[in-house]
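# Descriptive analysis of the structure
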Amino acid sequence: MKKFILIVLIGYSIGLTGCANGQANNTTPSLEPIAFSEKLTQSPFAIVLDVRTPDEFSKGHLKNAVNFNWNDPSFASKVAKMDKETPVFVYCLSGGRSAAAAKQLREQGFKEVYELNGGILKWKAANLPIDTDTQTSVSEGITLEAFEHVINSEKKVLVDFYAEWCAPCKKMEPYINEISKNMSDKVKVVRIDVDANPALSEALKIDALPVLHIYQNNKRIWSHTGYITKEEVLKQLKD
Ligand SMILES: O=S(=O)([O-])[S-]
């Protein structure tokens, strides 16, 4: 199962704000490989969307790309969960599928959609780098009942809803791991990959990412959607 999508809501005060505040241009033409690459470098929190088949993807793709197959019926529902403020850089083999996908993204309200003119074929011809790593496999989902068991603790339970393709989630991951390690006497950290846990995510109404919840004695005492700093999270855990 491939990655479900994310949403980065809210003021993402560091780099993402810069992205979200970038020019909203629904008619942005497709970019030549070098221009696409340069624009991508200026947008570190953008989503790189490969709309080819998983088989094509596995043979090489752009760095940090997520793979949503344009020809898969789940494409629309996956895309619907993406944050419309986050720039999307879309590509396919030679530009056909990405043009159709980009059109759909723009119609759905995505503010910045960049297409790779000539697709990955032209990218390779320009000697730009290709990544052959496969995406991290996802674990089994847990039931709501199991989740309720997990959060039923006298310690505060910090639940991090994330996805592998979610850039702000990735940015928060190191400090979430630090909290898990350094505050284990007071705080239990639970990380839920929403792609691996669609039923649970739906039951908990997780329709944007990243999302943090804090529970105590089975009761939710705090929640936050969107990027948040470590300091702000620590403040909630110490209160
Ligand atoms: O759709 S395609 O241009 O990748 S062949």
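Our subject in this report is the structure included herewith. (Residues numbered from 1 in each chain as written. Predicted model: local features only at pLDDT ≥ 70, side-chain atom pairs only at ≥ 80, totals over all residues. Heavy atoms only, no water.)

### Remarks on helix α8 (residues 167-182)
- Its 16 residues place the ends of α8 24 Å apart at the C-alpha level, agreeing with the 22 Å of an ideal helix rising 1.5 Å per residue.
- Considering bend angle alone, the principal kink of α8 is centred on E173 and spans about 40°; proline P174 follows within four residues of it. (Helix = DSSP H or I, 4+ residues; strand = E, 2+ residues; numbered from the N terminus. Expected span 1.5 Å × (residues − 1). Bend = angle between axes of the 7 residues up to and from the residue.)

### Side note on the sheet that holds strand β5 (residues 156-162)
- Strands sit in the order β6-β5-β7-β8 across an open sheet of four strands; the sheet is mixed. Looking at strand neighbours, the two that pair on one side only are β6 (187-193) and β8 (219-225), the edges of this open sheet. Sheet twist, expressed as the average angle between the axes of neighbouring strands with direction ignored, equals 20°.
- Here strand β7 (residues 211-216) runs beside β8; their pairing, made up of six bridges, is antiparallel. (Pairing = 2+ DSSP bridges. Axes fitted to C-alpha atoms, helices over the stretch in contact; angles between N-to-C directions.)

### Side note on the sheet that holds strand β3 (residues 88-91)
- One open sheet holds the four strands; their spatial order is β2-β1-β3-β4, and the pairing between them is parallel. Only two strands of the sheet have a single neighbouring strand rather than two, namely β2 (65-67) and β4 (113-115). Strand after strand, the sheet turns through a mean of 30° between neighbouring axes, direction not considered.
- As judged from the four bridges shared by strand β1 (residues 47-50) and β3, these two strands associate in the parallel manner. Each residue of the ladder has a partner; that of L49, found in β3, is V90.
- Its contacts with the sheet place helix α2 (residues 33-41) against β1, β3 and β4, and it is angled at close to 150° to β3.
- In the packing of helix α5 (residues 96-107) onto the sheet, the strands contacted are β1, β3 and β4, and the crossing angle to β4 comes to about 170°. (Contact = heavy atoms within 4.5 Å.)

### Let's talk about the nonpolar core
- With 35 residues, the main nonpolar core has L49, M82, F147, V159, F161 and L209 as its most contacted residues.
- Residue assignment for this core shows that the elements contributing at least two residues are β1, α4 (75-80), β3, α5, α7 (144-151), β5, β6 and β7.
- Per-element tally for this core: the top contributor is β5, with four residues. (Core = buried A, V, L, I, M, F, W, Y, C linked by side-chain atoms within 4.5 Å. Buried < 20%, exposed > 50% of the residue type's maximum accessible area, 1.4 Å probe, protein only.)

### With respect to the pattern of salt bridges
- For the coordinates displayed, the defined rule picks out 11 salt bridges.
- Ionic pairing is found between K170 and E164, a salt bridge with its closest N-O pair at 2.8 Å.
- With a relative accessible area of 38%, K170 lands in the partly exposed category.
- A salt bridge links K230 to E178; the nearest nitrogen and oxygen atoms lie 2.5 Å apart. Of the two residues, K230 is situated in helix α10 (residues 230-238) and E178 in helix α8; the sequence distance between them amounts to 52 residues.
- Among the charged side chains, a network of salt bridges with common partners joins D160, E164, K170, E173 and R191. (Salt bridge = Lys/Arg side-chain N within 4 Å of Asp/Glu carboxyl O.)

### Here's the deal with the pairing of β3
- Here β3 shows no split at all, with V88 and V90 on one side and F89 and Y91 on the other all buried.
- The pairing of β3 with β4 spans three bridges and is parallel. Paired with V90 across the bridge in β4 is E115.
- Viewed along the sheet, the connection from β3 through α5 into β4 turns out right-handed. (Right-handed = clockwise from strand over helix to strand, strands pointing away.)

### Topic: α5
- In this model, α5 (12 residues) spans 17 Å end to end at C-alpha, consistent with the 16 Å of a helix rising 1.5 Å per residue.
- Turning to α5, its buried residues are R97, S98, A101, A102, Q104, L105 and R106.
- Against the buried residues of α5 lie β1, α3 (54-58), α4, β3 and β4.
- Positive backbone phi, approximately 105°, marks G109, located one or two places after α5.

### A look at unusual backbone geometry
- In this structure, P210 follows L209 across a cis peptide bond, with omega equal to -10°.
- Here P210 shows up in the loop between α9 (198-203) and β7.
- A positive phi angle, close to 55°, is found at K205, a residue other than glycine.
- Mapped onto the elements of the fold, K205 is located in the loop between α9 and β7.

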